[in-house]
Amino acid sequence: MTNTEWHLDTELAGRYTHGRVTSVLATSIEQHLLRCEVCRRLLQAAVQTDRLDRVWAEIIERVETPKRSLLERLLRHVGVDEATARLVAVTPSLKGSWLTGTTVVLVLALLAAQTNPQGVSVFLLMAPVLPVAGVALAFGPAADPAHEIVASTPHSAVHLLAVRTAVVVSSCLLPAAVASAFLPGDFWVAMAWLGPALALTVGTLALSTRVAPHVAAIAMTVLWMTVVVRGLVRNHDPLFAATLSVQLAAIAVLAISAAVLLIQRRDLGELLRRVS
Amino acid sequence: MPDMDDFRTDGELLAAVADGSAAALEVLYRRHASWLVVRLGRRCADPTVVDEVLQDTFVSVWKGAGNYTGQGDVAAWVWAIAIRRLVDAFRRRPPVSYPLDEFTSELNTLESAEDRVLLGIEHGDLAGALERLSPELRTVVQATVLDGLTTREAARLLGLPAGTVKTRMMRARRALRKELA
């Protein structure tokens, strides 16, 4: 790649390091160093490791600080304790990509509902699944930068689980609630996704005491999709998901799941340990 | 501690940094910090400032890794950041003097015959011509042409008014042209 066979040797590297070369030679060396990895390595020993370590410690501190900034500072500001704020801020489901995905799904479902009276069914089908996916992401096998925080938090496992789930679910429910305000038709029909959303989410958590969170999420999603799609096909009712029977079933699932969670709360610690 | 012998190229590491990998940033840091410290040290005598600049540089690399186009050496890209962070540091705390001024004159005597030959290959007559410039003019050439700074940045680096850098650059150019003609 370079146009010469010119390289530094240890003697020249040493002289350059200690400033014992003329400025023109130094310039040659500096231009060469930009292009030659081998010669750069000759300078590796020129700086003491503990000095480099010290600077690196400052860099990593500054690099990781912004992560805890925005949301976390806001939470601290409104009186949330430090450990909880950190925990919320590092929840994987709160990453921009996830929120963008949620918004896109909602907007598409909303468009479907606006253009086609049958489209409301798309919204009622999709909206409850979003928080389930969010919970699976928050507790799933994906890399979680909060490991050490989870391990060292002064709070109980139940507190942890509750905080995270609340954060994730509200990050989905709020946009979905806004979106449902734009749905054509009756307000309460438009809100019919809320019950199933909570039922599926809590159901996922309850299942997670037995299987991995992402498996639980997939199971709940498949269950929901199967029930609703079958209902849509059989009854030709785009508002099938809003019917009393579905809503009651959702409330039943919610109640059972909550009971399971309550009974299994010792296993929740296990769930969190599995995660981290 | 990340391995120095990480199999990834600098470009791949930078892509990983752009994706938020602090581990990749550390590998880059371990590869590049030493030569950066030495090179910055030639432009700033205060090791505290050099360390600050090194720190700022890698924080900038972290934030700006996505801006690397994949064109050119990563080392050159990092240096371009480092020299500007040095200028920034000098803006906060003006340098007492540009250290190159001090040692260039005494160092002329240290130059070996071997250096002469190498420089002959590298630059031809240009090397000699640069060497014969006064230290004031040479530092200006160094900062603008070789470190790639703008007049204003060079002025901050050298602790001079921008007008002075401009006139010195003009004089240096005239001198070099005469010598190389």
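Before going into details, it helps to say that this report is about the structure given with it.

What counts, and at which threshold
- Residues numbered from 1 in each chain as written.
- Chains lettered and ligands numbered in written order.
- Predicted model: local features only at pLDDT ≥ 70, side-chain atom pairs only at ≥ 80, totals over all residues.
- Heavy atoms only, no water.
- Helix = DSSP H or I, 4+ residues; strand = E, 2+ residues; numbered from the N terminus.
- Buried < 20%, exposed > 50% of the residue type's maximum accessible area, 1.4 Å probe, protein only.
- Contact = heavy atoms within 4.5 Å.
- Areas by Shrake-Rupley, 256 points an atom, 1.4 Å probe, with all protein chains shown as cover.
- Core = buried A, V, L, I, M, F, W, Y, C linked by side-chain atoms within 4.5 Å.
- Salt bridge = Lys/Arg side-chain N within 4 Å of Asp/Glu carboxyl O.
- Polar contact = N/O pair within 3.5 Å; in protein donor to acceptor, adjacent residues only side chain to side chain.
- Nonpolar A, V, L, I, M, F, W, Y, C, P; charged D, E, K, R; others polar.
- Expected span 1.5 Å × (residues − 1).
- Arc of directions from axis to C-beta.

1. What about the overall build of chain A?
The number of helices and strands found in chain A is 16 helices and zero strands. When the 276 residues of chain A are sorted by exposure, 46% land in the buried category. Considering only contacts within chain A whose residues lie at least 6 apart along the sequence, 71% involve residues at least 24 apart. Working note: accessible area of chain A is about 14000 Å², and carbon and sulfur atoms make up 65% of it.

2. Quick look at the overall build of chain B
When helices and strands are tallied, chain B shows 10 helices and zero strands. For chain B, the N- to C-terminal ordering of α and β elements is α-α-α-α-α-α-α-α-α-α. Counting across all 181 residues of chain B, residues that qualify as buried make up 50%. The long-range share in chain B, meaning contacts at least 24 apart out of those at least 6 apart in sequence, stands at 67%. In the structure as shown, chain B presents an accessible area of about 8500 Å², 54% of it carried by carbon and sulfur atoms.

3. What about the nonpolar core?
In this structure, Ile29 and Ile59 of chain A together with Leu25, Tyr29, Leu54 and Leu86 of chain B are the most contacted members of the largest nonpolar core, which totals 77 residues. Once residues within four sequence positions are removed from consideration, Ile29 of chain A is found in contact with Trp6, Leu8, Leu12, Tyr16 and Val21 of chain A.

4. Re the interface of chain B and chain A
Listed as interface residues are 48 residues of chain B and, on the opposing side, 38 residues of chain A. At the junction of chain B with chain A, the criterion picks out eight salt bridges. Measuring nitrogen to oxygen at the nearest pair gives 2.7 Å for the salt bridge that ties Asp53 of chain A to Arg30 of chain B. Counting across the chain B and chain A interface gives 11 residue pairs in polar contact (both at pLDDT 80 or more). Mapped onto the side of chain B that touches chain A, the elements with two or more residues apiece are helix H2 (22–41), helix H3 (47–64), helix H4 (74–92), helix H5 (100–107), helix H6 (113–123), helix H7 (125–132) and helix H8 (135–146) of chain B. Among the elements that make up the side of chain B that touches chain A, the one with the highest residue count is H2 of chain B (13 residues). Among the residues forming the side of chain B that touches chain A, the class breakdown is 25 nonpolar, eight polar and 15 charged.

5. Quick look at helix H4 (residues 49–64) of chain A
Because the α-helix completes a turn every 3.6 residues, residues three or four places apart line up on one side. In a regular helix each residue adds 1.5 Å, so 16 residues correspond to 22 Å; H4 of chain A covers 22 Å between its end C-alpha atoms and thus fits that length. Listed in full, the buried residues belonging to H4 of chain A are Leu52, Val55, Trp56, Ile59 and Val63 of chain A. All buried residues of H4 of chain A project into a common sector of 105° when viewed along the axis, lining one side. H4 of chain A presents Arg54 and Glu61 of chain A as exposed residues on the side facing more than 90 degrees away from its buried surface. Contacts from the buried residues of H4 of chain A go to H2 and H3 of chain B.

6. Some words on the environment of Ala176 of chain A
All names here are of chain A. Within the secondary structure, Ala176 sits in helix H11 (residues 157–180). The class of Ala176 is buried, set by a relative accessible area of 1%. Separated by 69 residues in sequence, Ala176 and Val107 have C-alpha atoms that sit 9.4 Å apart. Excluding anything up to four places from it in sequence, Ala176 contacts Leu106, Phe123 and Trp193.

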